[in-house]
Amino acid sequence: MNPVVADLLALFAEVLPRLARISAFIAAGVFVANVAVAFGLIRYVAGLSGYLTRPANLPDEVGTAILTTAASTTAGYATLAEYRESGLLDDRATLVAVVINTFFGFVQHVFTYYVPVLIPILGVTTGVLYVSARAGIALAITVTGVFLGGLLVSERNVDHTALAEVDAAGPDEDDRTHGERVREAAAKSWSTLRRIVPRLAVVYTLVVAFVASYDVASLTAVAEPVTGALGLPSAAVPVIAVYTLDTTAGAVAIQPLLGTTFTPRTAVATLLIGGILSFAVSTFRRSIPFQYGIWGASFGTKVIAVNTALKLLFISLTVALLLVPTW
């Protein structure tokens, strides 16, 4: 048999079973997640919002926006924008509300991406540690918003008389039948799989082939001074580079190296560092168009600056905690 053909068959023999297993977990997870969202499970998490807005000196109506954010980031931000434009909230109170919103915006991604997609790729140990780290970061930012609201927001920043001009009814009731919800969840799941699985197959095959053919550690040894100072293997550099451009591809890139080059702790720290660097890409690609569209350029810039500063701060603290050598 031709050596090239033999190598390709060996590669596919290694990749296909793993890819099939990961794809099956993703398919099941995405479908269950979409069903959970369709039946309103996410609203129970958002129901906690009132316990956060009151200590932050924000009106209960802001909880409506937070509940909406858990189901739709665009709708939640649009509701907050309506509160600001009506005069219910001034700029300071709105910024505090946006910061408090962070965890509830994260919640929907737990259901729709982190649990059904990322954990199957990274495995239970590394995946749960990574999702827990991201959840902790989001929750820390939300708690910071509550603290800042208690210090900086007062009745001067909230005009309750403006409520007459605001539609604060919250999300519309879902009158779909159970069958319609399940069918829509299945359609959304198929759409997600068509987008993710082909990309996963290509990246995973290339990564496994690369790892099998080359000594990754020696190729990335030039980065050893930097990664060594952080307590990371030098192979973290290419993973961070891939993750900066695409989070799913970054997770796929690190998966074959788990248990050998990376421990769960160093893997999560590597992905979080990639998340820090990806802000530059995502800010221009998504944040600026989205936030400017919701708030306008002036206030949108403030929202981006506050969100980015807090994310960088808490991600950096989490990375430092992960890399403490004593645990």
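Scroll up to find the structure this text is about.
In this text the structure is predicted, and so the values were computed from the model without any measurement. (Residues numbered from 1 in each chain as written. Predicted model: local features only at pLDDT ≥ 70, side-chain atom pairs only at ≥ 80, totals over all residues. Heavy atoms only, no water.)

A. Representation of unusual backbone geometry in the model. Here the phi dihedral of N57 falls at roughly 60 degrees; this positive angle occurs in a residue that is not glycine. Turning to its location among the elements, N57 is positioned in the loop between α3 (50-53) and α4 (62-71). Looking at N57, the relative accessible area reads 35%, which means it is partly exposed. (Helix = DSSP H or I, 4+ residues; strand = E, 2+ residues; numbered from the N terminus. Buried < 20%, exposed > 50% of the residue type's maximum accessible area, 1.4 Å probe, protein only.)

B. Just the side chain of N157, in detail. With respect to the helices, strands and loops of the structure, N157 is situated in the loop between α7 (124-152) and α8 (178-213). With a relative accessible area of 9%, N157 lands in the buried category. A polar contact of 2.7 Å, which involves the side chain of N157, links it to the side chain of D90. A polar atom in the side chain of N157 sits 2.9 Å from the backbone nitrogen of S154. (Polar contact = N/O pair within 3.5 Å; in protein donor to acceptor, adjacent residues only side chain to side chain.)

C. Looking closely at the side chain of T270. Relative to the helices and strands, T270 is located in helix α13 (residues 264-295). For T270, a relative accessible area of 0% puts it in the buried group.

D. View of helix α6 (residues 91-122). For α6, spanning 32 residues, the distance from its first C-alpha to its last is only 40 Å, which falls clearly below the expected 46 Å at 1.5 Å a residue. Residue V110 marks the point of greatest curvature in α6, where the axis turns by about 55 degrees. Across the 32 residues that make up α6, a large majority, 26, are buried. By the N-cap criterion, in which a side-chain oxygen at the helix start approaches the backbone nitrogen of a residue two or three places on, α6 is capped by D90, the distance to R92 being 3.2 Å. One or two positions beyond α6, positive phi appears at G123, with a value near 90 degrees. (Expected span 1.5 Å × (residues − 1). Bend = angle between axes of the 7 residues up to and from the residue.)

E. Spotlight on the environment of T74. In this fold, T74 is placed in helix α5 (residues 73-86). Looking at T74, the relative accessible area reads 46%, which means it is partly exposed. Measuring from C-alpha to C-alpha, the distance between T74 and I294 comes to 8.3 Å, with 220 residues separating the pair along the chain. Among residues more than four places away in sequence, those in contact with T74 are F290 and I294. (Contact = heavy atoms within 4.5 Å.)

F. A look at the packing of α6 against helix α14 (residues 297-322). Their axes nearest at 10 Å, the elements α6 and α14 cross at an angle of 40 degrees. In this view, α6 runs oblique relative to α14, as classed from their interaxial angle. As for how α6 packs across α14, the hand of that crossing is right-handed. Taking contact as the criterion, the partners of D91, T94, L95, V98 and V99 in α6 are, on α14, F299, K302, V303, V306, N307 and L310. The residue inventory of the contact of α6 with α14, partitioned by class, reads seven nonpolar, two polar and two charged. (Axes fitted to C-alpha atoms, helices over the stretch in contact; angles between N-to-C directions. Parallel < 35°, antiparallel > 145°, perpendicular 65-115°, else oblique. Left-handed = near helix turned anticlockwise from the far one by under 90°. Nonpolar A, V, L, I, M, F, W, Y, C, P; charged D, E, K, R; others polar.)

G. Region of interest: the pattern of salt bridges. Per the stated rule, a full pass over the model turns up one salt bridge. With a closest N to O distance of 2.7 Å, R84 and D91 form a salt bridge. Its relative accessible area of 22% is what places R84 among the partly exposed residues. Among the residues examined, D91 registers a relative accessible area of 30% and is labelled partly exposed. (Salt bridge = Lys/Arg side-chain N within 4 Å of Asp/Glu carboxyl O.)

H. Quick peek at α14. Between the first and last C-alpha of α14 there are 37 Å, a value that for 26 residues agrees with the 38 Å anticipated at 1.5 Å per step. Regarding α14, the residues found buried are F299, G300, V303, I304, N307, L310, F314, I315, T318, V319 and L322.

I. Focus on the packing of aromatic side chains. A complete count under the given rule lists seven aromatic pairs for this structure. Centre to centre, the rings of Y113 and Y114 are 5.5 Å apart; their planes meet at 65 degrees, and the pair counts as edge-to-face. Neither residue differs from the other here; Y113 and Y114 are each classed as buried. Linked through ring pairs, F103, F104, F106, Y113, Y114 and Y130 together constitute an aromatic cluster. We note R84 situated over the ring of F299; from NZ or CZ to the ring centre the distance is 4.0 Å. (Phe/Tyr/Trp six-rings, centres within 6.5 Å; stacked < 30°, edge-to-face > 60°. Lys NZ or Arg CZ within 6 Å of the ring centre and 35° of its normal.)

Without other data, these values stay purely geometric and don't point to any function.
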